[in-house]
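# An overview of the molecular structure
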Amino acid sequence: MADTGIGASVRRREDARFLTGRGNYTDDINRPGQVYAYMLRSPHAHARIKKLDTKKASKAPGVVAIFTGADMKTGGLPCGWLVKNQDGSNMAEPPHPPLAQDFVRHVGDQVAVVIAETRDQAKDAAELIDVDYQPLPAVVSLADAVKPKAPQVWEQAKGNLCYDWAIGDKAAVDAAFAKAHHVSKLDLVNNRLVANAMEPRAAIGEYDNLSGDYTLYTTSQNPHVIRLLMGAFVLQLPEHRLRVVAPDVGGGFGSKIYHYAEEAIVTWAAPKVGRPIKWTAERSESFISDAQGRDHVTHVELALDKNGKFLALKVQTLANMGAYLSTFATCVPTYLYATLLAGVYTTPVIWANVKAVFTNTVPVDAYRGAGRPEATYLLERIVDVAARDLKQDPADIRRRNFIQPSQFPYQTPVALQYDTGNYEATLDVAMKMIDYKGFAKRKEEAAKRGKIRGIGLACYIEACGIAPSAVVGSLGARAGLFESANIRVHPTGSVSVFTGSHSHGQGHETTFAQVVSDMLGIPIEQVDIVHGDTGKIAFGMGTYGSRSIAVGGTAIVKALDKVIAKGKKIAAHLMEAAEADIVFKDGKFSVAGTDKSKTLTDISLTAYVPHNYPKDLEPGLEEQAFYDPLNFTFPSGCYIAEVEIDPDTGVTKIMRFVASDDFGKIINPMIVEGQVHGGLAQGIGQAMLEDCLYDKESGQLLTGSYMDYCMPRADDLPSFEVKHSDKPTPCTHNPLGVKGCGEAGAIGAPAALMNAISNALGIAHLDMPATPERVWRTIQKQKMPQAAE
Amino acid sequence: MASINVAMTVNGKAASGTVEARTLLVQFLREKLGLTGTHVGCDTSQCGACVVHVNGKSVKSCTILAAQADGAKIITIEGLAKNGELHPMQAAFKEHHGLQCGFCTPGMVMSAVDLVQNNKNPSEQEVREWLEGNICRCTGYHNIVKAIQAGAKAMGR
Ligand code: FES
Ligand code: FES
């Protein structure tokens, strides 16, 4: 089985349908008699709705119905995580109605839904809706929102504060700072990003008035959670009346985790109009309605002794929530961010304070990496600043502070316990790949050509496989974070796997099948992976936070264990042996020490045709497992970027980008590398191109289309050099030893690049994105047209 | 809204219909002909998810009206594979893992085939420049570039 089992770069089985145009994305689905929804959205960042008149619009050609907030008085979209203030009180949690109630709070807030026979008719009619807005002062930036006289987004959130949260031992940190040899300081911005999955969000709501059943087709990373949130909290429908299908989904990167208003609106309205309702976002609509990412302002201080050992870290962050709390918004800048601030280092004491702030902008939530890129960026930037302050090599100062392989399990001062790791190993591999020692020569050579060359490295760690339910529960999560799997062995030995994980590009249909084929010793063609449909799968928590293989994959292994255990009972009966003597290997149940054996097919057939069968055993061969992980998994790695800047234009060219990762055990190296490439592109995008900007005065989104929001294109990126650690450290607490790889690139790349650019320019810091204009201005300011230093 | 009759050859078969004057070619393909392989990723003609061949050349089908394609020969992603065999470019994308979510993929493949029709053996830089009009958010382009170079070789064979 070596060619298709664990560790083989099996080519993806899902590709055939995507490559021939036979994918089944939500907008490809058409239901008989369907009508189309168009959302009328607020053009104002903040306003009171004085009047909303739909009379004229409702008479427009093709219009079936129009609903406003006055019609749709359902529950609000819930926030999944309760964060406590430092004083123990609860965070401010304003309501989040699917259709605006009296006020709009960001450009794009939906005020009405028009349902018509065609998309264009719905859009035309929306123009006839008469809304009288009374514009109110708006605030979009973090710095402005916390000013004493700032406009207030919510009456119940004084000073626009959602929460004021802290982690770590402040007194110990202050004491360490008082004794420090040196303190490095930095102010930095983590720029707001738009996830921009290539498939715009879409939803189809359908209602069967005979059975009372609802179906929602939606572009979601976690259909079961949507069913739970929408059913229980927004529409108050029992789960069994609701089926949520997330078929092929064209990328998510976090933006399709959340429950969105449009899903609730089309489902709620379907019985009212008596026809299926389809809504598909236009791209410019996605820009003002998909949850956005990042958006932090941070002050960080690192205390060091005279040898460059880290003594203490102090972090103060303002995090933008936007106008409403999206599903996971509150946990991103707290439990997914501050708990990673130890990074890969032995810093003994850490204190972090995070203030979450409301503004009149699109809600912010998890985007690829979620909290961990923000933590890595600030940590790896301040470490470089410290190296610069103390005149040490950035690689040396890191090496001196690494947690050593002998120190695991390692308890950080910010709650997490890392199980394994070998950070020096990935650093060594990356430095060798890029020929770190030879850099000085290359820099000299570049200077001769009038170019400024820089090198920068970043060491990252991430907490993946989210997460032990008991732990997240104690931290305010209103959900558990397990995963489910069901293995159905059919009578003739083929296998269907029903997984609660959801694939939107990660290749589960291949990777999961590899695990099953390997463990059961059957050809991969015999294995079918089913996902994305609450009507077929018992339960699931979905795909995000690199949890599919670590949590979903483990649930599959647990279910397979049960299948094999039952198989042994049947085999023992058939071969008249003791159950304890049956060994299962390479698809065969054998009696130890004999040549007697039965294949999986013999066993499955017996299970379904139980003429000769153990007395007390149930027929059938189908097992279910729910797996709640014992801990997070902790992938880590080292990325190094080498850049050349043209001082005349400020254009930065990435000459090389090398990545060395430790993902523990790897199921499919080809797919893992692909995941790294994608993450790197998004990390490089953040560092060099992407920036979601709002106009300070009007609150308008300035980067609201692909013409204004700059995403990496093929010509902006280099080819990547990706290697796995030569001393991988498998996860110790899941049976596969896997850690997860989906976010690594986006976590490590921004810091590596910004370190390289700062190094080239010979400056302490430059905020992202390092656009040619920003770099050119920096060069002008430095009055350094020649190479730095 | 004025209606217009259009007729064209799509993937070798005659196709016709009545459309509004404003109907885009991509809407006609997806909504009237049910050829949903051609995707819509933006509303500003920036992403290339909708690329098809019109009279042998790659065109963003969201930038032209169905009426403008009247009488044209159109090939969409559904028309690329022949007799159940993947086109060499499709096969190269699979072999080199040039896709993840698959949403940009039909546009990428159609663009790539047109590139190779013009340039039999494109360099990495030429491929990257040609893809200026196609956005992929998943792959970082690394494997797409590899796939297209391999696909070009295979098409030459
Ligand atoms: S949909 Fe045609 S270019 Fe984006
Ligand atoms: S494969 Fe997902 S956008 Fe290209």
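So, a few notes on the structure that sits alongside this text. For every chain, the first residue of the written sequence is number 1, and numbering continues from 1 onward in sequence order. To read the labels, note that chains go from A and ligands from 1, taken in the order they are written. Given that the model is predicted, a residue must reach a pLDDT of at least 70 before its local features are reported, and side-chain atom pairs must reach 80 or more before they are shown or counted; all residues, however, enter totals for whole chains, interfaces and linings. Excluded from the side-chain calculations are hydrogens and water; all other atoms, namely the structure's heavy atoms, are used.

### Brief notes about the packing of aromatic side chains
Residue and element names in this part refer to chain A. Counted only if it meets this: Side-chain rings of Phe, Tyr and Trp, where Trp is taken by its six-membered ring, are said to pair if the distance between their centres is within 6.5 Å; with planes under 30 degrees apart they count as stacked, over 60 as edge-to-face, and otherwise as tilted. In this description a helix means any DSSP run of H or I spanning at least four residues, a strand means any run of E spanning at least two, and both kinds are numbered starting from the N terminus. For every residue, the accessible area obtained with a 1.4 Å probe (protein chains only) is divided by the maximum for its type, and the residue is called buried under 20%, exposed over 50%, and partly exposed between those limits. Here, over-ring charges are defined by two tests on the NZ atom of lysine or the CZ atom of arginine: distance to the ring centre within 6 Å, and angle to the ring normal within 35 degrees.
Taken as a whole and assessed by the stated rule, the structure comprises 25 aromatic pairs over all chains. The interplanar angle of 80 degrees and the centroid separation of 5.5 Å between the aromatic rings of Phe-328 and Tyr-544 together place this pair among those described as edge-to-face. Taken as a pair, Phe-328 in the loop between strand S16 (310-322) and strand S17 (349-358) and Tyr-544 in the loop between strand S23 (527-530) and helix H15 (548-574) lie far apart in primary sequence, 216 residues in all. Exposure class is identical for Phe-328 and Tyr-544. Each is buried. Ring pairing ties together the aromatic residues Phe-310, Tyr-345, Phe-402, Phe-408 and Tyr-423, which thus form one cluster. Here Arg-201 stacks its cationic end above the ring of Tyr-260, 3.5 Å away from the centre of that ring.

### Considerations on the sheet that holds strand S26 (residues 597-599) of chain A
All names here are of chain A. Heads up, the rule is: For two strands to be treated as a pair, DSSP must find at least two bridges joining them. Under this scheme, a helix contributes an axis fitted over its contacting stretch, all axes are lines through C-alpha atoms, and angles between N-to-C directions fall in the 0 to 180 degree range. Contact definition: two residues touch when any of their heavy atoms are within 4.5 Å.
Taken together, three strands build an open sheet; the order of strands is S24-S25-S26 and the sheet is antiparallel. Sheet topology places strand S24 (582-585) and S26 at the edges, where each strand pairs with a single neighbour. In this sheet, neighbouring strand axes are inclined to one another by 20 degrees on average, regardless of whether the strands run parallel or antiparallel. With four bridges joining them, S24 and strand S25 (residues 588-591) adopt antiparallel strand pairing. Opposite Val-583, over in S25, you have Ser-590 as the bridge partner. Against the sheet, H15 engages S24, S25 and S26, with an angle of about 125 degrees to S24. Its contacts with the sheet place helix H16 (residues 600-608) against S25 and S26, and it is angled at close to 75 degrees to S26.

### What to know about the interface of chain B and chain A
Convention followed: For any pair of parts, buried area is found by adding up, for both, the accessible area (1.4 Å probe) each one loses once the two are put together. Here, a salt bridge means any Lys or Arg side-chain nitrogen found within 4 Å of an Asp or Glu carboxyl oxygen. Here a polar contact means two N or O atoms within 3.5 Å. Within protein one must be a hydrogen donor candidate and the other an acceptor candidate, and residues neighboring in sequence count only if both atoms are side-chain atoms.
Contact residues are listed per partner, giving 48 residues for chain B and 52 residues for chain A. The contact between chain B and chain A buries some 4300 Å² in all, and 53% of this surface belongs to carbon and sulfur atoms. For the pair chain B and chain A, the number of links is seven salt bridges. When the shortest N-O distance is used, the salt bridge between Glu-690 of chain A and Arg-137 of chain B registers 2.7 Å. Inspection of the region where chain B meets chain A yields 31 residue pairs in polar contact (both at pLDDT 80 or more). Contributing elements (two or more residues each) for the side of chain B that touches chain A: helix H1 (25-32), helix H2 (88-95), helix H3 (105-118), helix H4 (124-130) and helix H5 (142-156) of chain B.

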